[in-house]
Amino acid sequence: MNFVEELTWRGMIHDITPGTEEQLQKEMTTAYVGIDPTADSLHIGHLVSVMMLKHLQIAGHKPIVLVGGATGMIGDPSGKSAERNLLDEQTLRHNEACLKKQLAKFLDFESDAANAAELVNNYDWMKEFSFLEFIRDIGKHITVNYMMSKDSVKRRLSEEAGTGLSFTEFTYQLVQGTDFLHLYREKNCKLQMGGSDQWGNITTGTELIRRKEGGEAFALTCPLITKADGGKFGKTESGNVWLDPKLTTPYKFYQFWLNVSDADAEKYIKIFTLLSRDEVAALVSEQEAAPHLRPLQKRLAEEVTCMVHGRDEYRKAVEASQILFGKATTESLARLDKEIFLSVFEGVPTYQVDRARFDAGIPVVELLATETSAFPSKGELRRTIKGNGLSLNKTRLTDQDYLVTGDDLINGSYLLVQKGKKNYYVIEAV
């Protein structure tokens, strides 16, 4: 596989230094991507660079993931309008271990192949540097004029930014350049990849390698991913979409991909899956023929959810989705664990009722019109039942005198009430 050709048709190349493709065609090449360890989970914004490394490894080259323990203590000014909080070493080490576990779903770290992936932490070599050593061995090789010419620095120094730039952040590109120099020396790493906002930092590294080692190194960046409507990719109303199921449930993760626009689905399926050019073209044709069936979104959601959470969690997410929008049953409801149930019905009006009322048995009319305000009156509730418009746990209720007991509770905790086709209420026993 020609790595550059593969990334090109997938729309994953923004800038590339001359000679990069020739280097990759010539020999197995080691390349790295840096990941900021400010959290103990990756989010989907990280997936672009992770997929670049995955394609690199498939093409026979060696990927390195650099966890920025040192750079995470400083903060990268690129794309940021303010300085970030600094982390202590214990937190950084915890985050590093968590990130490697997630990355192992995408990259082969464990085999004895020559191109097995490696994970390194720049804190391990930067912590030994004294300030005097750094400004003597690194600082003297890069001029202030060169550093000032970087777009990330210019933006922060512009009048519009208004926040200025600390000396700490100004030196960030030197620290990142030192990483590239270190990996070039120790791992024969000749390529750094990242988002297009990293171009200035990456090329500082190639310049440092040229000036200090007389060597040639390369840079490749991918476009920053945006949504068709101009919104920020990977953000929802509740924040980032994380890979950790405790932070973003597999159901919500699946729903994110399922609900992207048609234009975004066609772009994302190239970036975030391993589907071939022919497979993508076939799905695009299907989408054009029957856009209401949304084959692109469904396949995108399947591929990414299976890659991150596994096929079992994907199946659960699909089944959970059908509860609101498809032909769900009492049995499929009962199979949902508490986290998925709450994810599916997040935002649905919820009422809490004393568990003792269920243990004793409570008439459905009293439960829905007196204990809760799911129905404004007993009369309306009776008319709804008579008109076959009420379901409990996806089972149609026809008996106006039905006694609701603890046996009706999903997972011993919840009762799902449905009025008509679209109105849902959740009652929780507490």
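Residue indices begin from 1 for each chain and proceed along its sequence in written order. Local features in a predicted model are, by the rule used here, given only for residues with pLDDT of at least 70; side-chain atom pairs are given and counted only at 80 or more, and totals for whole chains, interfaces and linings are based on all residues. Only hydrogens and water are set aside when side-chain values are computed; all heavy atoms of the structure are taken into account.

Worth spelling out the cut-off: UniProt positions are given in the numbering used here, feature names are shortened, and annotations may be inferred rather than shown by experiment.
An unreviewed UniProt entry lists the chain under the name Tyrosine--tRNA ligase, from Geothermobacter hydrogeniphilus. Within the UniProt record for the chain, the comment given under Sequence similarities (unreviewed entry) is "Belongs to the class-I aminoacyl-tRNA synthetase family. TyrS type 1 subfamily."

**Structural notes on the packing of aromatic side chains**
The line we're drawing: Geometry of aromatic contacts follows a simple scheme: Phe, Tyr and Trp rings, the Trp one being its six-membered ring, pair when their centres are within 6.5 Å, and the pair is stacked under 30 degrees between planes, edge-to-face over 60, tilted otherwise. Helix and strand definitions here come from DSSP, where helices need a minimum of 4 consecutive H or I residues and strands a minimum of 2 consecutive E residues; each element is numbered from the N-terminal end. For each residue, the accessible area found with a 1.4 Å probe, counting protein chains only, is set against the maximum for its type, and the residue is called buried under 20%, exposed over 50%, and partly exposed in between. Comment: the charge-over-ring label is applied if NZ (Lys) or CZ (Arg) is within 6 Å of the ring centre and within 35 degrees of the ring normal.
Overall, the coordinates contain 16 aromatic pairs when judged by the stated rule. Summarising the aromatic geometry, the rings of Phe233 and Trp257 are spaced 6.1 Å apart at their centres and angled 55° between planes, so their arrangement reads as tilted. Within this pair, whereas Phe233 is found in the loop between β6 (218-222) and β7 (235-236), its partner Trp257 is found in helix α12 (residues 250-258), the two being separated by 24 residues in sequence. When sorted by exposure, Phe233 lands in the same class as Trp257, which is buried. Measuring from centroid to centroid gives 5.8 Å for Tyr268 and Phe272, while their planes differ by 80°, and the two rings are edge-to-face. Note that Tyr268 and Phe272 are positioned in helix α13 (residues 262-272) at a spacing of 4 residues, about one turn of the helix. For the residue pair Tyr268 and Phe272, the accessibility class agrees, reading buried in each case. Three or more aromatic residues joined by ring pairs make a cluster, and in this case those are Phe233, Phe253, Phe256, Trp257, Tyr268 and Phe272. One Lys or Arg, Lys419, reaches over the ring of Phe375 and ends 4.6 Å from the middle of that ring.

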